[in-house]
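Architecture at a glance
The residues making up each chain are set out below.
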Amino acid sequence: MGDRYTRFAPFYNLLSGEYPIYHSGRVLGITALASGNGQQVLDIGCGTGLNFALLQQSVGASGTIIGIDRSAAMLHQARRRVENHRWDNVILLQADMALTDPETLSTRIQEAGGSALSGAALATYSLSLMNDWQRAWKTMTALLDTHGRVCVVDMADPLGGARWLTPLARLACALGGSNIHAAPWRALEEQCADVVRGSARAGHLQIRSGTTLPLHNE
Ligand SMILES: C[S@@+](CC[C@H](N)C(=O)[O-])C[C@H]1O[C@@H](n2cnc3c(N)ncnc32)[C@H](O)[C@@H]1O
């Protein structure tokens, strides 16, 4: 099957609903991730790199951003962003997070100039697109240092007075290929310490951050 993001990539930044809706989730998520200056941070399913500017503010010029996505077309857009900003601390890798084992990915990161393990990892609006998001989560956390920081930002049905927007939210997710019922932040809640819960846009955006425990991969 042709990946919808291959055709959609050149228009993603315009059509993904970034400023009316999704930008607030990434701001909250990256703030909650609290990655430190000089750290290496993984951006899982990085798409066109909409997180990169905010991540640069956290990790600084001495830090490294590793953007991983399975779509060459989305990575092409991400590469253009990196070149336009002249960021020399971003590594982009094409890999399917649900199919690539952590050892292979770690080797590829090192071959591209990064470190074997990262201090932080983030997945914004990406795990719910992956059929086997549990495996992607496992791989993502296996690439972290002990006590690594992790954050998941993903989508759910709106709540309260905004419930009438549920069909619209579900349609937007279906068009983007994501499963609005996946709730991939459950893994973070179960497996991390210091879990912080947040939401935005009447619950449509769910934000979780935490710290991985020493035995998180066993
Ligand atoms: C909705 S976009 C989100 C992109 C970006 N994280 C953002 O916040 O704008 C989902 C991205 O996940 C990527 N993706 C989907 N399944 C994937 C997988 N199994 N492995 C790696 N990337 C994947 C898609 O190619 C797409 O770029």
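Residues numbered from 1 in each chain as written. Predicted model: local features only at pLDDT ≥ 70, side-chain atom pairs only at ≥ 80, totals over all residues. Heavy atoms only, no water.

- By the naming in an unreviewed UniProt entry, the protein goes by Class I SAM-dependent methyltransferase and is assigned to Arthrobacter cryoconiti.

1. What to know about the pattern of salt bridges
- Summed over all chains, the structure comprises six salt bridges.
- Residues Asp-3 and Arg-70 are paired through a salt bridge, measuring 3.3 Å at the closest nitrogen-oxygen approach. You can see Asp-3 sitting in the segment before α1 (4-8) and its partner Arg-70 sitting in the loop between β2 (64-69) and α5 (72-85), a full 67 residues away along the chain.
- In this structure Arg-70 comes out as partly exposed when scored by relative accessible area, which is 45%.
- Through salt bridges that share partners, Asp-3, Arg-70 and Asp-96 make up one connected network. (Salt bridge = Lys/Arg side-chain N within 4 Å of Asp/Glu carboxyl O. Helix = DSSP H or I, 4+ residues; strand = E, 2+ residues; numbered from the N terminus. Buried < 20%, exposed > 50% of the residue type's maximum accessible area, 1.4 Å probe, protein only.)

2. Points about the site of the ligand
- Around the ligand, 19 residues are found, and the nearest of them are Arg-26, Gly-45, Asp-69, Asp-96 and Thr-124.
- Between the ligand and the protein, one listed contact pairs an oxygen atom with a side-chain N or O atom of Asp-69 at 2.6 Å.
- For the ligand, the accessible surface in isolation is 590 Å², of which the surrounding protein chains cover 98%.
- Taken atom by atom, the bulk of the ligand overlaps the largest pocket.
- A breakdown of the residues in the shell around the ligand according to their chemical character gives 10 nonpolar, five polar and four charged. (Near = heavy atom within 4 Å. Polar contact = N/O pair within 3.5 Å; in protein donor to acceptor, adjacent residues only side chain to side chain. Areas by Shrake-Rupley, 256 points an atom, 1.4 Å probe, with all protein chains shown as cover. 1 Å grid on protein atoms, 1.4 Å probe; cavity = no way out; pocket = protein on both sides within 12 Å on 5 of 7 lines; lining within 4 Å. Sits in = over half its atoms within 2 Å of the grid points. Nonpolar A, V, L, I, M, F, W, Y, C, P; charged D, E, K, R; others polar.)

3. Some words on the sheet that holds strand β7 (residues 205-212)
- Strand order in the open sheet formed by seven strands is β3-β2-β1-β4-β5-β7-β6, with mixed pairing between adjacent strands. Among the strands making up the open sheet, the edge pair consists of β3 (90-94) and β6 (192-200). Averaged over all adjacent pairs, the angle separating strand axes in this sheet is 15°, with direction ignored.
- In terms of strand pairing, strand β5 (residues 144-155) meets β7 through seven bridges, oriented antiparallel. Looking at β7, one finds that Val-150 is bridged to Gly-210.
- Against the sheet, helix α6 (residues 102-111) touches β1 (40-44), β2 and β3, its axis set at about 140° to β3. (Pairing = 2+ DSSP bridges. Axes fitted to C-alpha atoms, helices over the stretch in contact; angles between N-to-C directions. Contact = heavy atoms within 4.5 Å.)

4. A closer look at unusual backbone geometry
- Positioned with a positive phi, Arg-201 is a non-glycine residue whose angle comes to about 50°.
- One can find Arg-201 in the loop between β6 and β7.
- What makes Arg-201 partly exposed here is its relative accessible area of 42%.
- We note that Ala-202 has phi near 55°; this positive angle belongs to a residue other than glycine.
- Relative to the helices and strands, Ala-202 is located in the loop between β6 and β7.
- Under the relative-accessibility criterion, Ala-202 is labelled partly exposed at 41%.

5. Quick look at the UniProt feature "domain: Methyltransferase" (unreviewed entry) in the protein
- Mapped onto this numbering, the UniProt entry gives "domain: Methyltransferase" (unreviewed entry) at residues 37-154.
- The span residues 37-154 is 36% helical and 29% strand by assignment, and the distance between its end C-alpha atoms comes to 25 Å. (UniProt positions renumbered as here; feature names shortened; annotations may be inferred.)

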